[in-house]
Each structure stands twice: as structure tokens, then as C-alpha cells.
Amino acid sequence: MHKTWWKILGSVLVIYTAIAGLLLGVPHLAILNETIRNLYFHVPMWFAMIVLFSISVFYSVKSLSSKSEIDDIKAVESVNAGIIFGILGLITGAIWAKYTWGQFWSFDPKQNFAAISILLYFAYLILRNAIDEEQKRAKISAIYNIFAFPMMVVLLFVLPRLKDSLHPGNGGNPGFNSYDLDSRMRMVFYPACLGWILIGYWVYTIRFRIRSIENKQQHN
Amino acid sequence: MQLAKEVKYLIHKELLLEWRSKYTINGVLLYVVSTIFTCYLSFVSLGDKLTWNALFWIIMLFASINGVSKSFLQETKGQQLYSYILASPAAVLISKTVYNTLLMLVLTTIALGFYTLVFDSFTPPDMVLYYVAVVLGSMSFSTVFTMVSAIASKAGNGGMLMAILSFPIIIPVLILLIKLAKNAVDGLPWENSYDEIAMLLVVNVLMVATSLLLFPYLWRD
């Protein structure tokens, strides 16, 4: 029980946000109207992705000094889990954009930069496939992962601020800013972020365990 | 002090090698000139200055991938081992980056001159600001591509990996460069471009710092 409490907490929080996010009241803002509920389902995906990619960079740094295979598997599996959340974030954003902006993909800077930062991690996975030797693969892919991480931060957090975007919260659009979020939304939004981060971490641990069992079987 | 001496010596070596064969500079120059001609012949009806600006940067992007990727991909394993014994990894990386920056500067300057010659209507009103963009572009292209070409050469699968690995990293830089160059083409006052210039400098410092931290691990086989 002492090891599974956070899994239970994550599941309860996600189930709670799925129900409360659709049923509880929200403030009525121009343009957004009821689609503001997407905040509960779209934004937590990015939080989970950032947390998973940070875990991956942490283990990449660790594997450079420890040269342990376990750290390498941890790094790649957290990228795998993070990419799932990144794609989910793009999809939830695109569906929302279809109803608010009229198009799934309207080449908004935020959409583009998010897509590019996911390309970065696909490149990481392809780099891994290109190298056969295990130790070399661990080392080179860890280096690329660390090299790419600051660029992802620039892409997601700095560049969108320099460009005009229609995304809520940018350029005077009514958004998910602190003053737009009333206390009713905070009651759902914060648990949603925590819940999805926990679920993301859970997905990563399961993937890591499967991968290490497969590795053991190969070595025997 | 030791580092500065090594860097100076290695840059001298690179320049000497290039001077003897003149392969990279002439090859990439011909590449740029023929690409500009091809673009001119295929897009001749386009009158929009901004399209020409974007096209210039795309041509420079591909030319610099071809030029800079040579720095590590071209060297044999023996050559790399030799410089590994002789010099510190930081010196190797710094010398390659500086050399590539010089190479790109010469190249982009000639390309810009040729570009304005061929496309008479293109000449940006604020040439100084455009040249600042060109200098910053040469710097950023060489810092990013030098490190990525080192990664690609160690992975042992040259050309294709180079493109896949470097594009997602260079796209944000390219967007900033095109924006900065667009300001110059539109003839906006300099105050409007300080954001982009500062951002490009920050990205460059960031890239050089991470490369310097990571390269020693990559270099040691």
C-alpha cells in the first residue's frame, strides 16, 4: 500500500477532473464560452510532457557519468511516455481549435513550436535506432537529449512570447490567465495537472519495467 | 593559456588545410551560386521581397549544412584519434566552431552580394541591419551544426542523420533570423529588432555552453 498510494491518488484525481470538469460551473468569457473546459484536458498534457522530458534529461545526465544501462532505459522510456502526452496535447488543442478558430491546424505559432519540439524527440528516437552498439547508443543519445533540451525550452516558453498568437493568454485574447481563472476552475485545474503528471509517471514506470524485463530475457 | 595556444594552432591547421585544397569553400560557393540561379529561374515571376528574403535564408541553411557538416564527417577515424591525443576536447570544438564561423561569414557575404546582384529589386533598404542578421546567422549555424555534425559522425551514419538531428534545433533560430532580416527589408528602425538580436545572442551562448559541457563525453570513445 505504501508504494501504490500515488497511483491511486492519480487515478482518483483524473476521474474527478473528468467528471467535475464537465459538470461544474465555469465563468462565461467571450469567444471561449464553454470550450474553456478544455483547460482541464489540454494544459495538463503539456505539464505531464515537460515533467517526463525533464526526468529523461535527468537520467541522460546521470547515464553519462554512471554509464549504467538502467539509466539509459529510464531516459528513453520517459521520452516515449512524454511523446504520448505531447501528441495528446496537440490533438486536444487541434480539436479545440476546430471549434474556436474553425480549423484543426491554423499554423498558429504555439501549434507550430509544439509540433517542432515533438519532432526534436522523434529525432532523438531515430538517432537511437541508427546506432547498434549499446554503450555507444546510450552515450550519443544522452548527449543529443541534453543538447536538445534547452532548445525545447526556448521553443515552448520563449519564442511564443515574441510572436503574435491567437492562443488564449496571448496578445489580449481572453485566456487562462490568473485573473480569468476563478476559484471554481482552480478547484479542477490544479488537481487535473497533478493527476495527469502522476498518471504520466505511472505510464513511464510501467514502460520501464517492461523494457528491463525484455532486456533481461535477451541477455539470458 | 594552454587552451588559447591549442585553439590558435588548430584554427591555423584548419585554414591551412582549406587553403591547400580549397575544396569546401569553392564547392559550397558553387552550390550557393547554382542554387540561387535555379531559384531565380524557377521563381522569376515572384515579385514579393519577403519571399525572396525567406528564400535567401533557406538557401543559406542548406549551404551551411553542406559546408559545416564536413568539419567532423569528413575526418577519418585516424585523424580524430590523432587530434584526440594532441589537443584537449574543448580546443578541438572551439577551433572547429570558430573556423566554421569564418567559413560561413565569407560564404554568406559572397552569397548576399551575388543575391543582391541577381535580384536587383531585393536590395534591403537597411543593409547594415541585414548584414548583422547575416553575421548572427553564420554564428548560429556554425555553433549548432558543428556540434550536431560531431554527434552524427560519432553515430557513424552521415548525411541523413545530420539533417534529421539539426532541423528541429535550427528551426527556432531560423525563424528569429527571418524575422530580423524582414525588419531590415521593411526598413524598420533598429529599436524593433533588439529583441531578436538579444534572443539570437542568448541562443548562441546557450548552444556554445552546452556543446562545451557535452563535447568531452562525445569525443572520448
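Residues numbered from 1 in each chain as written. Chains lettered and ligands numbered in written order. Predicted model: local features only at pLDDT ≥ 70, side-chain atom pairs only at ≥ 80, totals over all residues.

1. Section: the overall build of chain A
Of the regular secondary structure elements, chain A holds 6 helices and 0 strands. Along its sequence from the N terminus, chain A presents helices and strands in the succession α-α-α-α-α-α. The C-alpha atoms of chain A give a radius of gyration of 19 Å, which matches the 17 Å a tight globule of 220 residues would have. Once the C-alpha set of chain A is aligned to its principal axes, its extents read approximately 60 × 45 × 25 Å. (Helix = DSSP H or I, 4+ residues; strand = E, 2+ residues; numbered from the N terminus. Rg over C-alpha atoms; globule rule 2.2 N^0.38 Å.)

2. Section: helix α2 (residues 39-66) of chain A
Residue and element names in this part refer to chain A. Helix length check: α2, at 28 residues, gives a terminal C-alpha distance of 40 Å against a target of 40 Å (1.5 Å per residue), a fit within 8%. Counting buried positions along α2 gives 20 out of 28 residues, so the element sits mostly inside the fold. Once α2 ends, the next one or two residues include Lys-67, with phi positive near 55°. (Expected span 1.5 Å × (residues − 1). Buried ≥ 20, exposed ≤ 12 C-beta atoms within 10 Å, placed from the backbone.)

3. Here's the deal with the interface of chain A and chain B
Counting residues at the interface gives 22 residues for chain A, matched by 21 residues for chain B. Going through the elements one at a time, α4 (109-130) and α5 (134-162) of chain A are the ones with two or more residues in the side of chain A that touches chain B. Ranked by the residues each element gives to the side of chain A that touches chain B, the list is headed by α5 of chain A, at 13 residues. Looking at side-chain class alone, the side of chain A that touches chain B contains 21 nonpolar, no polar and 1 charged residues. (Contact = placed C-beta atoms within 7 Å. Nonpolar A, V, L, I, M, F, W, Y, C, P; charged D, E, K, R; others polar.)

4. Considerations on unusual backbone geometry
The phi angle at Phe-107 of chain A is positive, at roughly 55°, despite the residue not being glycine. Relative to the helices and strands, Phe-107 of chain A resides in the loop between α3 (69-100) and α4. Residues other than glycine seldom take positive phi values, yet Lys-22 of chain B does so here, at roughly 55°. Assignment of secondary structure puts Lys-22 of chain B in the loop between α1 (2-21) and α2 (23-42). Of the residues examined, Lys-22 of chain B has 11 C-beta atoms within 10 Å and is grouped as exposed.

5. Section: the environment of Leu-23 of chain A
Relative to the helices and strands, Leu-23 of chain A resides in helix α1 (residues 5-23). As for Leu-23 of chain A and Gln-103 of chain A, which are separated by 80 residues in sequence, their C-alpha atoms are 27 Å apart.

6. Description of the packing of α2 of chain A against α3 of chain A
All names here are of chain A. Packing of α2 against α3 brings their axes to within 8 Å, and their N-to-C directions diverge by 160°. By the angle between their axes, α2 is roughly antiparallel relative to α3. The crossing of α2 and α3 is left-handed. (Axes fitted to C-alpha atoms, helices over the stretch in contact; angles between N-to-C directions. Parallel < 35°, antiparallel > 145°, perpendicular 65-115°, else oblique. Left-handed = near helix turned anticlockwise from the far one by under 90°.)

7. Digging into the environment of Leu-159 of chain A
Checked against the element boundaries, Leu-159 of chain A lands in helix α5. On a C-alpha basis, the gap between Leu-159 of chain A and Pro-109 of chain A in space is 8.5 Å, while along the polypeptide they are 50 residues apart. In this structure, Leu-159 of chain A is in contact with Phe-113 and Val-154 of chain A together with Pro-172 and Ile-175 of chain B, ignoring residues within four places of it in sequence.

8. Remarks on the confidence of the model for chain B
For chain B, the mean per-residue pLDDT works out to 86, and 98% of the residues sit at or above 70. Interface confidence for the predicted complex, given as ipTM, is 0.87, next to a pTM of 0.88. (pLDDT = per-residue confidence, 0-100.)

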